[in-house]
Amino acid sequence: MEPLVEIKNLSIRFPEGNSTFEAVKGISFSIGKGEIVGVVGESGSGKSMSALALMGLLPKDAEIASGSLCFQGEDLVTMKPEKRRQLCGSKMAMVFQEPMTSLNPVLKIERQVGESLRIHTKLGNAEIHERVVQALSEVGLPDPEGLCGKYPHELSGGMRQRVMIAQAMINSPSLLIADEPTTALDCVVQAQILELLRNIHRTKGTSILFISHDLNVVRALCSRVIVVYKGEIVEEGQTEDVLLHPKHEYTRHLVASIPEGEKGESSGGEILRLTDLNVFYDVRGGLFRKKGKKHVIHDLNLSAREGEIVGIVGESGCGKSTLARLALGLIEPTEGTVRFKNAPIPERDSAAWRAQRASMQMIHQDPYACFDPRLPIIVQVAEPLRHHRGLSKEAAAKAALEVLRAAGLPAHHAGRRPSVMSGGQLQRAAIARAVALEPALLVCDEPVASLDVSIQAQVLELLLQLRNRMKMAMLFVSHNLSVVRCICDRVTVMYLGRIVESGTVEAVFSRPLHPYTKLLMASTPGADAHVVRYYPKGAMPSPIDRPKGCVFASRCPLAEARCRTDVPPLRDDGSGHLAACFSGPSFLLHPEA
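Residue numbers here run from 1 along each chain, matching the order of that chain's written sequence. Reporting of local features is limited, given that this is a predicted model, to residues whose pLDDT is at least 70; pairs of side-chain atoms are given and counted only at 80 or more, and all residues count toward the totals for whole chains, interfaces and linings. Excluding hydrogens and water, the side-chain figures rest on all heavy atoms present in the structure.

(A) Geometry of the sheet that holds strand β11 (residues 270-283). Pairing between two strands is assigned when DSSP locates at least 2 bridges connecting them. Helix and strand definitions here come from DSSP, where helices need a minimum of 4 consecutive H or I residues and strands a minimum of 2 consecutive E residues; each element is numbered from the N-terminal end. The four strands lie next to each other as β12-β11-β14-β15, forming an open sheet whose pairing is antiparallel. Two strands lie at the open edges of the sheet, namely β12 (292-305) and β15 (343-344), each paired on one side alone. As defined by bridge partners, β11 adjoins strand β14 (residues 335-340) across five bridges and the pair is classed as antiparallel. Bridged to Leu272 within β14 is Phe340.

See the structure below:
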């Protein structure tokens, strides 16, 4: 196979104190034309550095100590900057790990997605708008016309990541570099994105360098895989051979890193109760967007007891993150009540509300957005210990170092600033800061999405240990069903702001009652996906134009006339397993019948 990219003896180093740190150590590999190559490794292993070097996006203090980077036979290291910019805009594109740090917060989505077309093509504004809408639709975003007029902060984390993918693919590049492109996506959209990447590869012959910590995703997409450990390639070969018959000790460790934990009892008192919640957001009108109210949470009821972990799953934009913020009192419901330890949440920003913060903590989805880039990590982890526990500076720093170590972050990283840390390293620091106060309620919004499998297992084990020791209640928001099944006691499935199914993990995963739950499970990498062919293709409707009846009717293979006019109630099957469906699960449990 003719190589499109050839990397030879590449070494990249950074200054560290009075010496240097070698992040990449003489690696060599190639990417053939029309080939999909996966790169796996733990956070900080250097797996993203070669991709950044290809795009000319290494940090200013990084130095290419040796080696060459050839694209279509030309060395990018010695290429003139203007020519390299033309290549990076039209022939090479990259999807970054953290969309919020890559998208401009003051520019609307249409301008950012269409920017590459304006620079590298002669298309007019109307044609660019049409291409942007098409690109947003192809990555599964609802209401692409309306999204054109939005800003990044108005979208959920998963929706922002899909915007980044649309932005990268709009010019049909020869090489697409994808750095954790499905990390923030739910399993249904993840399956759609993987299929979209396959289609691009199949129809346009695009080469793809796919960087990920999710071995199941790599196995589903990539023909060849490269395993990186501490800046070096330790194993390389055909994906099936490497993952089924790993030869290097580190690869065997990655493959064997399946999180396991002993679930505790949840027989304690009730910590959290959400009753009849409704949340509306006002939406301003625009040229391509009509004015209205977005109904993001609809008639929602939920509770969590001491020592109980409640999983919240669903597609991006279904209201999971809004639910998490409601539980913490960070926003107020339009209708309904939120009670913590059998008492209403105090008025926001009051003295009582601030004092309650120590008992209610959150692990955020985007770690870059919740750390001050100017301060070392240890200072920021120690800050809540000093404020809420009254510890001295020295005692708080010592306690912070211990919890950072427990979250899997080495001691020598504690003094670093967020800007020089990988997404996975920073997420571990965010987890450490949240659990340092040992809260009664911990809300986890995609807490392990950016972590490699080995660290993911450590963090999940840490959360289970904390829960078992402190009887901490948790709301665990995630799109990773394997993780939810491992750590949660109960699971709630949401779609377009409504709960469509709820029950124990064992009941929901062994016998899903709602068609949407079945779709989620069938869309998980490595799962039996034969059921998916029965589902009409489509995206989640806009919350502004909510269906009158069942919210899932437009995508449901079982939908009948009353599903489009009546809302199915949540009904208990007699065992505490609830589902909102008129038809029942028989067709989906036995689709060949």
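(B) Spatial organisation of the environment of Leu57. Turning to its location among the elements, Leu57 is positioned in the loop between α1 (49-55) and β4 (63-71). Sequence separation of Leu57 and Val448 is 391 residues, and the distance between their C-alpha atoms is 26 Å. Once residues within four sequence positions are removed from consideration, Leu57 is found in contact with Leu52 and Phe96. What makes two residues a contact is simply this: any of their non-hydrogen atoms within 4.5 Å.

(C) Expanded view of the environment of Ile109. Topologically, Ile109 is positioned in helix α4 (residues 109-120). Distance in space between the C-alpha atoms of Ile109 and Ser321 is 21 Å, their sequence separation being 212 residues. Beyond its immediate stretch of four places on either side in the chain, Ile109 contacts Leu136, Leu147, Cys148, Lys150, Tyr151, Pro152, Leu155 and Val163.

(D) Spotlight on the packing of aromatic side chains. Between rings of Phe, Tyr and Trp, where Trp is taken as its six-membered ring, a pair exists when centres lie within 6.5 Å; planes separated by under 30 degrees are stacked, by over 60 edge-to-face, and by other angles tilted. Counted according to the given criterion, the structure contains five aromatic pairs. With 5.1 Å between their ring centres and 85° between their planes, Tyr495 and Phe552 make a pair best called edge-to-face. Remark: Phe552 occurs in the loop between α20 (515-522) and β21 (571-572) and Tyr495 occurs in strand β19 (residues 490-495); sequence separation between them is 57 residues. Of the two residues, Tyr495 and Phe552, neither departs from the other in class, the shared state being buried. Ring pairing ties together the aromatic residues Tyr495, Tyr516, Tyr535 and Phe552, which thus form one cluster. In this scheme, the term charge over a ring applies when either NZ of a lysine or CZ of an arginine sits within 6 Å of the ring centre and within 35 degrees of the ring normal. The cationic tip of Arg357 hangs over the ring face of Trp353; the distance from NZ or CZ to the ring centre is 4.1 Å. Looking at Arg433, its charged tip hangs above the ring of Phe371, at a distance of 4.2 Å from the centre. Burial classes follow relative accessibility: with a 1.4 Å probe on protein chains only, a residue under 20% of its type's maximum area counts as buried, one over 50% as exposed, and anything between as partly exposed.

(E) Local environment of the nonpolar core. Definition used in this section: a nonpolar core is a set of buried Ala, Val, Leu, Ile, Met, Phe, Trp, Tyr and Cys residues joined via side-chain atoms within 4.5 Å. Of all hydrophobic cores here, the largest spans 104 residues; its most connected members are Ile297, Leu300, Leu442, Leu463, Phe476 and Ile487. If sequence neighbours within four positions are ignored, Ile297 has contacts with Leu277, Asn278, Val279, Gly319, Thr322, Leu323, Leu326, Met494 and Gly497. With 49 residues, the next largest nonpolar core counts Val40, Val95, Leu136 and Ile200 among its residues.

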